[in-house]
Amino acid sequence: MQLVQLSDWLLDIAFVLYVLASIVFVVAMTGKNWAGRDPKQHELKYGRIAYWLALIGFIAQTGYVIFRWIAGGHSPTSNMFEFMAFLDYCIILAYLIIYRIYKLTVIGAFVLPLGVIMLAYSYVFPKEITPLIPALQSYWLHIHVTTAALGEGILAVGFAAGLMYLVRTVPQEAATKSTRWLEIVLAVVMMLVGFIGMESTFSRLDHKTVFELPKEQLNFQGEMEKMKVEYTLPAIVAPEGSKIIQAGPMTPLFTAPSWMEGKDAARKLNTMIWSVISGLVLYGGLRLILRKRLGAAMQPAVKDIDPELIDEISYRAISIGYPVFTLGALIFAMIWAEEAWGRFWGWDPKEVWALIVWLFYSAYLHLRLSRGWIGAKSAWMSVIGFVIILITLVVVNLVIAGLHSYAGV
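Throughout what follows, the structure given in this document is the object of discussion. (Residues numbered from 1 in each chain as written. Predicted model: local features only at pLDDT ≥ 70, side-chain atom pairs only at ≥ 80, totals over all residues. Heavy atoms only, no water.)

1. Regarding the overall build of the protein chain
Our working rule: Only DSSP runs of H or I reaching four residues or more are called helices, and only runs of E reaching two or more are called strands; each is numbered from the N terminus. Between buried and exposed lies partly exposed: a residue is buried under 20% and exposed over 50% of the maximum accessible area for its type, with that area taken using a 1.4 Å probe on protein chains only. Should any heavy atoms of two residues lie within 4.5 Å, those residues are considered in contact. Each accessible area is a Shrake-Rupley estimate made with a 1.4 Å probe; only the visible protein chains count as cover when residues are assessed.
Helix and strand content of the protein chain: 11 helices and five strands. Burial analysis of the protein chain (409 residues in total) assigns 52% to the buried set. In the protein chain, of all internal contacts separated by at least 6 residues, the share reaching a separation of at least 24 is 76%. On the protein chain, roughly 19100 Å² of surface is accessible, and the fraction owed to carbon and sulfur atoms is 65%.

Printed below as a string of structure tokens:
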């Protein structure tokens, strides 16, 4: 128990340091034009401070990984909390390496906030260490999941650089198709942030809605009892055929469709609805405050950055992350699936979406290398590719049931 508490404290310390590093990175980029400041010296000074904050946070998170691994007896990737925290760890690792190569401060201003969002997302899920189910009791847990997370972490840097390229190069003087799509991408990120904020807030308020389902299950005493589902967020959608046994802050507006199977399907749909609502409200609020598109508000901070350098960083990150992801999410996954379930491929939702991610990045590399898709086209593909990864991590895990539903969502 002491090791678990120590690992939790180290992760909390890492989170605080990543938040501080993100703030300092933003100051490094936005404060260049302050009166009486040498822009280059200002960016260099605060960029170094932010880098060291991120590095110390990474060291603290390394301690979390080690102690959590020792306490649990397996790699800390067996549920959604552990996987998202480890994915964040891989994102920060990839950033630290890229920064040492290019010494470009603005990379941190885009990657560190992404790391903060991923780590904050992990806090939404239960943190308890639980015994591994039989399907996970394999050394392939360490190999498959950690490699897949590392590949996605490197691809996340490619996404951040691609987004940076678009913010830098998309003209903001008038509304165009490019500005609209860029705003849609930023709104999707706001939905993830909004979901984290909503879930964290209501979990602390403890205003749960509890439904009783018509189905039955065995309790710990071996007796049959009605199944129950708890909603942390206010209930917009209720499970089909259920009745409320503990009222929450609002009455459900409609019932989940009958084709949504599984005990938690309606709760997951409810979570997704709140994610969209909170994200749109957050995005709209920022638009009202800034009185301009988010892309236009961010553009001055990157106006002095060489677009070709950003494009190179995005491409190099994806060219490294792609084979790592291929090994972890496809090859190692299929070998483990054969051992655990007796087949290499079974069209499970998570398997299908991993294949979609792989095919998309395959197309990215093919079009870039053989068709000369560089610059804006390449940047859009790097951004869309990681949005697909986010769909896999959030939508597929929260809504669609499958063999990977043991992940604690």
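Let's pick the thread back up.
2. Description of the pattern of salt bridges
Counted only if it meets this: Just to be clear on terms, a salt bridge is a Lys or Arg side-chain nitrogen sitting within 4 Å of an Asp or Glu carboxyl oxygen.
Throughout the structure, instances matching the rule amount to seven salt bridges. Note that Glu82 and Arg68 form a salt bridge whose closest N and O atoms lie 2.9 Å from each other. Placement of the pair is Glu82 in helix H3 (residues 80-102) and Arg68 in helix H2 (residues 39-72), with a sequence separation of 14 residues. An identical accessibility class is assigned to Glu82 and Arg68; each is buried. A salt bridge links Lys243 to Glu212; its shortest N-O distance comes to 3.7 Å. Of this pair, Lys243 sits in strand S4 (residues 243-246) while Glu212 is found in strand S1 (residues 209-218), placing the two residues 31 residues apart along the sequence. Put simply, Asp8, Arg68 and Glu82 are held in one network by salt bridges that share partners.

3. Overview of a nonpolar patch on the surface
Quick reminder of the rule: Nonpolar side chains (Val, Leu, Ile, Met, Phe, Trp, Tyr) within 5 Å and like charges within 9 Å form the patches, drawn only from residues with over 30% relative accessible area and no salt bridge.
On the surface, Leu3, Leu6, Trp9, Ile66 and Ile70 cluster together into a nonpolar patch covering about 470 Å² of accessible area. Only helix H1 (2-30) and H2 provide two or more residues apiece to the nonpolar patch. Looking at the nonpolar patch element by element, the count peaks at three residues for H1. Of note, Leu6 is situated in helix H1.

4. What to know about the packing of aromatic side chains
The condition that has to hold: Note on ring pairs: Phe, Tyr and Trp rings are taken, using the six-membered ring of Trp, and paired if centres are within 6.5 Å. Classes follow the plane angle, with under 30 degrees stacked, over 60 edge-to-face and the rest tilted.
Inspection of every chain in the model, using the stated rule, returns 12 aromatic pairs. Every member of this aromatic cluster is reached through a ring pair, and the members are Phe25, Tyr51, Trp52, Tyr95 and Tyr99.

5. Points about helix H4 (residues 105-122)
Heads up, the condition is: Helices are assigned an expected span. That span is 1.5 Å times one less than the residue count.
With 18 residues, H4 extends 26 Å from end C-alpha to end C-alpha; this agrees with the ideal 26 Å at 1.5 Å per step. With 17 of 18 residues buried, H4 lies mostly within the body of the structure.

6. Structural notes on the packing of H3 against H4
What counts here: Helix axes are fitted to C-alpha atoms over the stretch in contact, other axes to C-alpha atoms as well, and angles between N-to-C directions run from 0 to 180 degrees. Should an angle lie under 35 degrees it is considered roughly parallel, over 145 roughly antiparallel, and from 65 to 115 roughly perpendicular; all remaining angles are considered oblique. Each residue is assigned to one of three groups, with Ala, Val, Leu, Ile, Met, Phe, Trp, Tyr, Cys and Pro labelled nonpolar, Asp, Glu, Lys and Arg labelled charged, and all others, Gly among them, labelled polar.
Remark: H3 packs on H4, axes separated minimally by 8 Å, with the N-to-C direction vectors making an angle of 170 degrees. By the angle between their directions, the pair H3 and H4 is classed as roughly antiparallel. Residue-level inspection shows Met80, Phe81, Met84, Ala85, Leu87, Asp88, Ile91, Ile92, Tyr95, Ile98 and Tyr99 of H3 in contact with H4, the latter providing Thr105, Ile107, Gly108, Val111, Leu112, Gly115, Val116, Met118, Leu119, Tyr121 and Ser122. In terms of residue class, the contact of H3 with H4 is made up of 17 nonpolar, four polar and one charged.

7. Overview of the packing of H1 against H3
Applicable threshold: Crossings are assigned a handedness: left-handed for a near helix turned anticlockwise from the far helix by less than a right angle, right-handed for a clockwise turn.
At a minimum axis separation of 13 Å, H1 and H3 run at an interaxial angle of 45 degrees. The angle between H1 and H3 places the two elements in the oblique class. Crossing of H1 against H3: the hand is left-handed. The segment H1 lies against H3, with Leu11, Tyr18 and Phe25 engaging Phe81, Ala85, Asp88, Ile92 and Tyr95. Broken down by class, the residue content of the contact of H1 with H3 amounts to seven nonpolar, no polar and one charged.

8. Things to note about helix H10 (residues 349-371)
Taking 1.5 Å per residue, 23 residues should reach 33 Å; H10 reaches 32 Å between its end C-alpha atoms and fits that length. In the stretch just after H10, Gly372 is the one whose phi turns positive, near 75 degrees.

9. Describing the nonpolar core
Threshold: Throughout this description, the term nonpolar core refers to a set of buried Ala, Val, Leu, Ile, Met, Phe, Trp, Tyr and Cys residues connected via side-chain atoms within 4.5 Å. Here the limits of each domain have been adopted from an automatic or database domain assignment.
Counting 111 residues, the largest nonpolar core has Tyr95, Phe110, Met118, Tyr121 and Leu163 as the members making the most contacts within it. Two domains each donate at least three residues to this core, and these are domain 1 (1-172 + 293-399) and domain 2 (189-292). Core analysis: the next-biggest nonpolar cluster, separate from the first, contains 11 residues, Phe211, Leu213, Val237 and Ala266 among them.

10. Concerning the environment of Ile107
Here Ile107 lies in helix H4. Residue classification places Ile107 among the buried residues on the basis of a relative accessible area of 3%. Distance from Ile107 to Phe25, taken between C-alpha atoms, is 8.9 Å for residues 82 residues apart in sequence.

11. A closer look at the environment of Leu327
Note that Leu327 resides in helix H9 (residues 307-341). Given the relative accessible area of 38%, Leu327 is considered partly exposed. Note: C-alpha distance between Leu327 and Thr147 (180 residues apart in sequence) is 7.1 Å. Those residues in contact with Leu327, other than ones at most four positions away along the chain, are Thr147, Phe332 and Ala333.

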